[in-house]
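As a plain string of letters, each chain reads:
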Amino acid sequence: MLLLAALLAGNALCNALGNAPDDVTTIAASQDLYISMGENRVSVYNQTEKLLCAVDVAVDETDGNQTETVSYPGAPVLQFDISGLNITENDIAVLVLKAASMQTQGDPVMVALMSIGSDWDESSDYTTFLVNILPAWNIIKKNDATLMSSNTDGDSIFAFDVSQKLRDAGKKGDKISFLLEAISNSSSEISFLPRESGQGPCLVIMPYPAFSPEVTMQPGLALNSSLQTDQTQATIPSENTSATIPMAGRLLSNESIE
């Protein structure tokens, strides 16, 4: 949420200063569903009123030995149509999702995002999903955080910087897809709103805000500080002056992963 707030606040400030970037582009998900990933199988749920993102952590204590088993009963899979989108090195792209509910056992929960293949739609069978999610599944099993984007704010809006992912995807085709995974030390569950709700997953894209080297102060934009300003120009304090600025659906199929 902090990432999205900074993005939109920068856009609003640029508009107020008369140096507005191009309009913000929004792209709603064209396909979304969730899959269940156990130890060695995948199940696909494509007719649901939620996008379940969950982790199940089970601890078995037998004969004094403690064994932990982790499974993922819900992992949202999202696809966006980016045909015709020209994202440059100066553009910012953020994937946002809205959580309808969240349940934890007290431990913090992080949501990780990974790119997957886009050769699927909501009617695809399990074998198609196995092919498309296999690279992400390997990342999950290796617990390789360097290949994951994450959100840990803890509020109901989840935001991920996917700028470079969109640039890379645009060179290869007209679609981009993602898989989300919940990570926690104990069982946790988040229910995201799907595209059918009208508040589903969305890409927000805009140029990085550009500011003039000489920022003109206007009414309503004055900084809360000890800097002295006139109507048009901010006065920089001298060396001896100090200033501070505060600031469940239908199960389609099951199959083992090779």
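Q: What exactly am I supposed to notice about the overall build of the chain here?
A: A count of helical and extended segments in the chain gives three helices and 13 strands. Evaluated residue by residue, the chain yields a buried proportion of 40% over its 258 residues. Accessible surface computed for the chain: about 14,400 Å², of which carbon and sulfur atoms make up 48%.

Q: Sorry if this is basic, but what is going on with the nonpolar core here?
A: For soluble globular proteins, nonpolar side chains are generally found buried alongside one another. Core analysis: the biggest nonpolar cluster contains 48 residues, and Ile35, Phe80, Leu95 and Phe192 have the highest contact counts within it. By residue number, the principal contributor to this core is helix 2 (residues 126-142), which donates six residues. Sequence-distant contacts of phenylalanine 80, defined by excluding residues within four places in its chain, comprise Ile27, Ala28, Ala29, Ser30, Leu95, Asp174, Lys175, Ile176, Phe178, Pro201, Cys202 and Leu203. In terms of nonpolar packing, the next biggest core, distinct from the first, is built from six residues, Val94, Ala159, Cys202 and Val204 among them.

Q: Is there a simple way to explain the pattern of salt bridges in this structure?
A: Where charged atoms of side chains with opposite charge meet at close range, the side chains can pair. The full count for this structure, using the stated rule, is four salt bridges. With a closest N to O distance of 3.7 Å, aspartate 32 and arginine 195 form a salt bridge. Highlighted residues: aspartate 32 in strand 2 (residues 31-37) and arginine 195 in the loop between strand 11 (188-192) and strand 12 (202-207), separated in sequence by 163 residues. We classify aspartate 32 as buried; its relative accessible area is 3%. Across the pair glutamate 196 and arginine 195 runs a salt bridge whose closest N-O atoms are separated by 3.9 Å.

Q: What am I meant to see in helix 3 (residues 163-170) here?
A: Each α-helix turn comprises 3.6 residues. Residues three or four places apart therefore point the same way. Every buried residue of helix 3 is accounted for by Ser163, Leu166, Arg167 and Ala169. The buried residues of helix 3 occupy an angular sector of 165° when projected down its axis, which confines them to one face. On the buried face of helix 3, the contacting elements are strand 6 (91-103), strand 9 (157-161), strand 10 (175-184) and strand 12.

Q: Hey, could you run me through the pairing of strand 6 in this one?
A: Note on strand geometry: in a regular strand, side chains alternate between the two faces of the sheet. One ladder, built from six bridges, connects strand 6 with strand 12; its direction is antiparallel. What sits directly across from aspartate 91, in strand 12, is proline 207. Of the strand pairs in this sheet, strand 6 and strand 9 are connected by five bridges, and their pairing is antiparallel. Of the residues in strand 9, the one forming a bridge with valine 96 is alanine 159. Pairing of strand 6 with strand 11, which is carried by four bridges, proceeds in the antiparallel orientation. Pairing of methionine 102 across the sheet is with isoleucine 190, part of strand 11.

What counts and how
Counting starts from 1 at the beginning of each chain's written sequence and moves along it residue by residue. Only residues with pLDDT of at least 70 are given local features in this predicted model, and only at 80 or more are side-chain atom pairs given and counted; all residues enter the totals for whole chains, interfaces and linings. For the side-chain quantities, the full set of heavy atoms in the structure was used; hydrogens and water were omitted. Put simply, DSSP marks the helices as runs of H or I at least four residues long and the strands as runs of E at least two long, and each gets a number from the N terminus on. Exposed residues in this analysis have more than 50% of their type's maximum accessible area, buried residues have under 20%, and partly exposed residues fall in between, with area computed by a 1.4 Å probe over protein chains only. Residue-level accessible areas treat just the shown protein chains as cover; the underlying method is Shrake-Rupley with a 1.4 Å probe. Nonpolar cores were defined as sets of buried Ala, Val, Leu, Ile, Met, Phe, Trp, Tyr and Cys residues, with membership established by side-chain atoms within 4.5 Å. Two residues form a contact once any of their heavy atoms are found within 4.5 Å. Salt bridges are identified by distance alone: a Lys or Arg side-chain nitrogen within 4 Å of an Asp or Glu carboxyl oxygen. Relevant arc is that of directions from the helix axis to the C-beta atoms, nothing else. A pair of strands is considered paired only if DSSP assigns at least 2 bridges between the two.

What is shown is where atoms sit, not what they do.
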